[in-house]
Amino acid sequence: MKQKVSALIVPARISLPVGLEWIGRGLDIRQKLVKGNVETINGTGWHVFLNDEARFIPLPLNPRAEVLIREAGLRIEDTVRGDAVFLGHASNGEDTCAPEHLLTMAERLFGTRLAA
């Protein structure tokens, strides 16, 4: 039985709310959420899934995800495009629930209340 994890979803469209969603562990689910093949950006204890062709399609800019990534301590060169799916990762590489410090940061930055 595949266990579900709580993902922080940051849509590119500003009109859509940032939220938490329980998702399965399969790659197909991540591809569906980012609307294509995935690439990851890794932080300390977390990672974010993005569409790997976002720049070429092109998908809309995602300033909220970009700000969250930068505020979480990563220096990224490119802009972030398309919907973003934030998860935690365990030492064995398995996906875990989005870390509490990212949820708290998202709540503060985006003025939202997140509950799984």
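No experiment lies behind these values; they were computed from the predicted model shown.

## Focus: the packing of aromatic side chains
Each aromatic ring pair is specified by the distance between its two centres and by the angle formed by the two planes. Inspection of the entire model under this criterion finds one aromatic pair. Arranged with centres 5.9 Å apart and planes meeting at 40°, the rings of W46 and F86 form a pair that is tilted. Taken together, the residues span a long stretch of sequence, with W46 in strand β4 (residues 46-51) and F86 in strand β5 (residues 84-89) at a distance of 40 residues. Pair check on accessibility: W46 and F86 agree, each one buried.

## Things to note about the nonpolar core
Among the nonpolar cores identified, the biggest contains 20 residues, and L8, V10, V48, L68, I69, A84 and F86 are the most heavily contacted of them. Contributions of two or more residues to this core are made by β1 (5-10), β4, α2 (63-71), β5 and α3 (100-110). Ignoring sequence-local partners within four residues, the contact set of L8 consists of V18, G19, L20, L68, A84, V85, F86, A98, L102, L103, A106 and L114. Listed in part, the nine residues of the second largest apolar core include V5, I9, L33 and V85.

Definitions and limits used
Residues numbered from 1 in each chain as written. Predicted model: local features only at pLDDT ≥ 70, side-chain atom pairs only at ≥ 80, totals over all residues. Heavy atoms only, no water. Phe/Tyr/Trp six-rings, centres within 6.5 Å; stacked < 30°, edge-to-face > 60°. Helix = DSSP H or I, 4+ residues; strand = E, 2+ residues; numbered from the N terminus. Buried < 20%, exposed > 50% of the residue type's maximum accessible area, 1.4 Å probe, protein only. Core = buried A, V, L, I, M, F, W, Y, C linked by side-chain atoms within 4.5 Å. Contact = heavy atoms within 4.5 Å.

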